[in-house]
Amino acid sequence: MMTSAKDPFADLKDGLPRRKPGEAPALLARKVSKIFGTTKVLDDVSLAVMPGEVHGLLGANGSGKSTFIKTLAGLHDPEPGAELIMYGEAAPLPMPAGGARRRGISFVHQNLALMPSLTVLENMLLNDLAVTQQWNIRWGKARRQVAEIFERFDIHIDPMTLVSDLPQADRALIAICRAFEEVRVTAGEGRGLLILDEPTPFLPKSGVDQLFTLVRAVVAGGASVIFVAHDIDEIREITDRATILRDGRLAGTVVSAEADHERFIELIVGERVTMFQTARGQAPDRPVTASVRKLSADVARDVTFDIREGEVLGLTGLIGSGFDRVPEAIFGALPGSEGSVEIGGKSLAVEAITPARAMAQSIAYLPADRLGKAGVGSLSIAENMALPVMGEFRSLLGMNWPKINAHVSDLGRKYDIRPNRPAQALSSLSGGNAQKVLMAKWLQTAPRLLMLDEPTQGVDVGARQKLFHAIDEASRKGTAVLVASTDAEQLAQICHRVLVFSKGRIVSELTGAAITKDSISEETLRAHAPATDQTQEVA
Ligand SMILES: Nc1ncnc2c1ncn2[C@@H]1O[C@H](COP(=O)(O)OP(=O)(O)OP(=O)(O)O)[C@@H](O)[C@H]1O
């Protein structure tokens, strides 16, 4: 292993940190490269995080953020020549199993790794429970300790609550508190590094604010945070500096307060991006595509609405308010659902709909859980993408794979899928690129009703605009598009109409110019306030 360089910032040309004389970075990674097969996905990446700093990590889909973080976690071995130095002392690379934890690096991934069926207290002790017998844990003492931690960070959650009873924002706070406690115990007071990997996409604005307050409290004590996100506004708000990767290389490091939104986009994309902008107005006055009547599914209750040809209709609310259950039920993917859907001149009882029947009516559905429900990770991009149109490529001689690959490659270019290699397994794509594959898979079928659950979650700023254009193109050709999402900005950009859900029911409707990011957030929160209990049907 190489020893630490004389100047720890030698590789950083710009965005140098403000530092006290002689202060060493909490983490200095130098010349980190990674090759998968013949592709170099990380190329000499260097990054320094100072004590008490929140450091953003951004980049387009597939730019190498996860690979970099997984290298720090010890899940990937970097190419020889990489160096890791923490607080001026060389740390091992490749990182041995458990090494990151021992050195005070802790990770919070998007899924938060909480057990919903356990209490907050049990979740906070999850690591201890894995190595200690239940009866060896002093529960009274542990409960007091957890209460103290929450008090220190001004978090008002009862440690005895079941995690399944908590909103998403509280769950994120618990996951961060747990990771921070781990860092504090292993690295010591005022040291250590917390890596937050896209913790905010499903949170309402108030939840993001709470999370940022916690992050600020963590770094005020001296520990450091790496914050991975696609949302430039959030990065500018919470980080001191940010490092941007492009195609596996360091595109630049900036002092966040000194870089405007356009500068970030330029560094992420490397070129100008045409932002999708359309004066949405009212939906075109075209025939109704689908009439949903008194649909009840899981927590969703008595949901009634129409969607017209060419209309982009948003469904939103807080996580757990039931809006995302609606497309799932219409597709017949949620057992125990009731109500009816009239489409293509047929009235279908929701309980009798199966995905096959839905597809026969030209209904397409892209769930949010992309590798779980939406795609098959072990199959190739071509197999995943061509599935709904296989019939067009079948002849007496069997499947025409060269033709399928050419078709898939065209779609790959259109939707900017990187790498655009049809034979590559879907699971080897970055999260955002996998999403592009699955969007392309359904958009090519030009369905009568296209239902998308969180369609651009984890998709970078450039690709997001391309997907918005694709949704717009589909709607202009007459497809009715139903978008279930908590992303108010996205809904404001693409929808003609938005229905806001609370406690399973539609409680308000926004149309045309009244749809803005702020109005959606306000309606969502107002709907959630205890005083609001009136429901309305929208047809
Ligand atoms: N196990 C693997 N085998 C082959 N290629 C891989 C593997 N893991 C990642 N890659 C490739 O490495 C590149 C970087 O992927 P990575 O997941 O690090 O990107 P990312 O910046 O985190 O993207 P996203 O924002 O979409 O999550 C991608 O081209 C991806 O296809």
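Residues numbered from 1 in each chain as written. Predicted model: local features only at pLDDT ≥ 70, side-chain atom pairs only at ≥ 80, totals over all residues. Heavy atoms only, no water.

Enquirer: Where do I start with the overall build of the protein in this structure?
Expert: Check the secondary structure of the protein and you find 18 helices and 22 strands. Split into buried and exposed, the 539 residues of the protein put 53% on the buried side. Here the analysis covers contacts within the protein between residues at least 6 apart in sequence; of these, 67% occur between residues at least 24 apart. Only carbon and sulfur atoms are counted for the fraction: they give 50% of the accessible area of the protein, which is about 23,800 Å². (Helix = DSSP H or I, 4+ residues; strand = E, 2+ residues; numbered from the N terminus. Buried < 20%, exposed > 50% of the residue type's maximum accessible area, 1.4 Å probe, protein only. Contact = heavy atoms within 4.5 Å. Areas by Shrake-Rupley, 256 points an atom, 1.4 Å probe, with all protein chains shown as cover.)

Enquirer: Help me understand unusual backbone geometry in this model?
Expert: Residue Pro94 is reached from Leu93 by a cis peptide bond, and omega for that bond is -5°. Looking at the secondary structure, you find Pro94 in the loop between strand S5 (89-91) and helix H2 (99-102). Despite not being glycine, Lys31 has its phi angle at roughly 50°, a positive value. Tracing the backbone shows Lys31 in strand S1 (residues 27-36). Since its relative accessible area comes to 36%, Lys31 is described here as partly exposed. A positive phi angle, close to 55°, is found at Ala113, a residue other than glycine. Locating Ala113 in the fold gives a position in the loop between strand S6 (105-108) and helix H3 (120-124).

Enquirer: What am I meant to see in the packing of aromatic side chains here?
Expert: Centre-to-centre distance and the angle between the planes together describe a pair of aromatic rings. In the structure shown here, the tally under the stated rule is three aromatic pairs. Here Phe212 and Phe227 contribute two aromatic rings whose centre-to-centre distance is 5.8 Å and whose plane-to-plane angle is 75°, an arrangement assigned as edge-to-face. With a gap of 15 residues between them, Phe212 in helix H7 (residues 205-220) and Phe227 in strand S8 (residues 224-228) connect regions that are remote in the sequence. Across this residue pair, the class does not change: Phe212 and Phe227 are buried. Centre to centre, the rings of Phe331 and Tyr365 are 5.4 Å apart; their planes meet at 50°, and the pair counts as tilted. Of the two residues, Phe331 is situated in the loop between helix H10 (325-330) and strand S14 (338-343) and Tyr365 in strand S16 (residues 363-366); the sequence distance between them amounts to 34 residues. In this pair, the class of Phe331 matches that of Tyr365, namely buried. Against the face of Tyr87 rests Arg191, its NZ or CZ located 3.9 Å from the ring centre. (Phe/Tyr/Trp six-rings, centres within 6.5 Å; stacked < 30°, edge-to-face > 60°. Lys NZ or Arg CZ within 6 Å of the ring centre and 35° of its normal.)

Enquirer: Looking at this model, I keep getting lost on the nonpolar core. Mind explaining?
Expert: Most often, soluble globular proteins keep nonpolar side chains buried together rather than apart. Judged by nonpolar contacts, the single largest core of 56 residues is most densely connected at Phe150, Leu194, Leu211, Val225, Phe227 and Phe264. Per element, the largest residue contribution to this core is eleven residues, and it comes from helix H6 (residues 168-187). What Leu211 contacts, discounting residues up to four positions off in sequence, is Ala172, Leu173, Ile176, Pro199, Thr200, Leu203 and Phe227. Judged by nonpolar contacts, the second largest core, of 46 residues, contains Ala364, Met390, Val459 and Phe468. (Core = buried A, V, L, I, M, F, W, Y, C linked by side-chain atoms within 4.5 Å.)

Enquirer: What is the right way to look at H7 in this model?
Expert: The α-helix advances 3.6 residues per turn, and as a result positions three or four apart in sequence lie on the same side. Taking 1.5 Å as the rise per residue, H7 with 16 residues should run 22 Å; its terminal C-alpha atoms sit 22 Å apart, in good agreement. Burial in H7 covers these residues: Gly207, Val208, Leu211, Phe212, Leu214, Val215, Val218 and Val219. End-on, the buried residues of H7 take up no more than an arc of 160°, which puts them together on one face. Packing partners of the buried residues in H7 comprise strand S3 (54-59), H6, strand S7 (193-197), S8 and helix H8 (232-238). (Expected span 1.5 Å × (residues − 1). Arc of directions from axis to C-beta.)

Enquirer: In this structure, what is going on with the sheet that holds S14? I would like to understand it.
Expert: Sheet strands pair via backbone hydrogen bonds, and the direction of the pair is either parallel or antiparallel. If you walk across this open sheet you meet the four strands as S12-S11-S14-S15, and the pairing is antiparallel. The strands lining the two open edges of the sheet, one partner per strand, are strand S12 (300-308) and strand S15 (346-349). Between one strand axis and the next, the sheet turns through 10° on average, direction left out of account. One ladder, built from five bridges, connects strand S11 (residues 288-297) with S14; its direction is antiparallel. Residue Ala290 lies in a different strand from S14, and its bridge partner there is Ile343. (Pairing = 2+ DSSP bridges. Axes fitted to C-alpha atoms, helices over the stretch in contact; angles between N-to-C directions.)

Enquirer: Hey, could you run me through the sheet that holds strand S19 (residues 449-453) in this one?
Expert: Spatially, the six strands line up as an open sheet ordered S16-S19-S20-S13-S21-S22, and their pairing is mixed. Where the open sheet ends on each side, the last strands, each with one partner, are S16 and strand S22 (505-511). Across the sheet, the axes of successive neighbouring strands diverge by a mean angle of 20°, strand direction being ignored. Each of S16 and S19 touches helix H15 (residues 431-443); the most contacted strand, S16, lies at about 175° to it.

Enquirer: When you look at the environment of Ser340 in this model, what are you seeing that I'm missing?
Expert: Mapped onto the elements, Ser340 comes out in strand S14. Sequence-wise, Ser340 and Leu295 are 45 residues apart; in three dimensions their C-alpha atoms are separated by 6.4 Å. Setting aside chain neighbours within four positions, we find Ser340 in contact with Ser291, Val292, Arg293, Ser347, Leu348, Ala349 and Val350.

Enquirer: Any chance you could explain the environment of Val32 here in plain terms?
Expert: Within the secondary structure, Val32 sits in strand S1. Judged by its relative accessible area of 3%, Val32 falls in the buried class. Each C-alpha atom of the pair Val32 and Glu79 lies 7.1 Å from the other, and the pair is 47 residues apart in sequence. With residues near it in sequence (within four places) discarded, Val32 still touches Leu42, Asp43, Asp44, Val45, Phe68, Thr71, Pro78 and Ala82.

Enquirer: Where do I start with the site of the ligand in this structure?
Expert: Around the ligand sit 17 residues in total, of which Gly62, Lys65, Ser66, Thr67 and Ser428 are the nearest. A distance of 2.8 Å separates an oxygen atom of the ligand from a polar backbone atom of Gly62. Protein burial of the ligand: of its 640 Å² of free accessible surface, 79% is covered by the chains. Among the elements of the structure, helix H1 (65-73) and H15 are those that each provide at least two residues to the shell around the ligand. Looking at which element gives the most residues to the shell around the ligand, the answer is H1, with three residues. Of the residues that constitute the shell around the ligand, the class distribution is five nonpolar, eleven polar and one charged. (Near = heavy atom within 4 Å. Polar contact = N/O pair within 3.5 Å; in protein donor to acceptor, adjacent residues only side chain to side chain. Nonpolar A, V, L, I, M, F, W, Y, C, P; charged D, E, K, R; others polar.)

Such coordinate-based values are descriptive only and should not be taken to indicate function.
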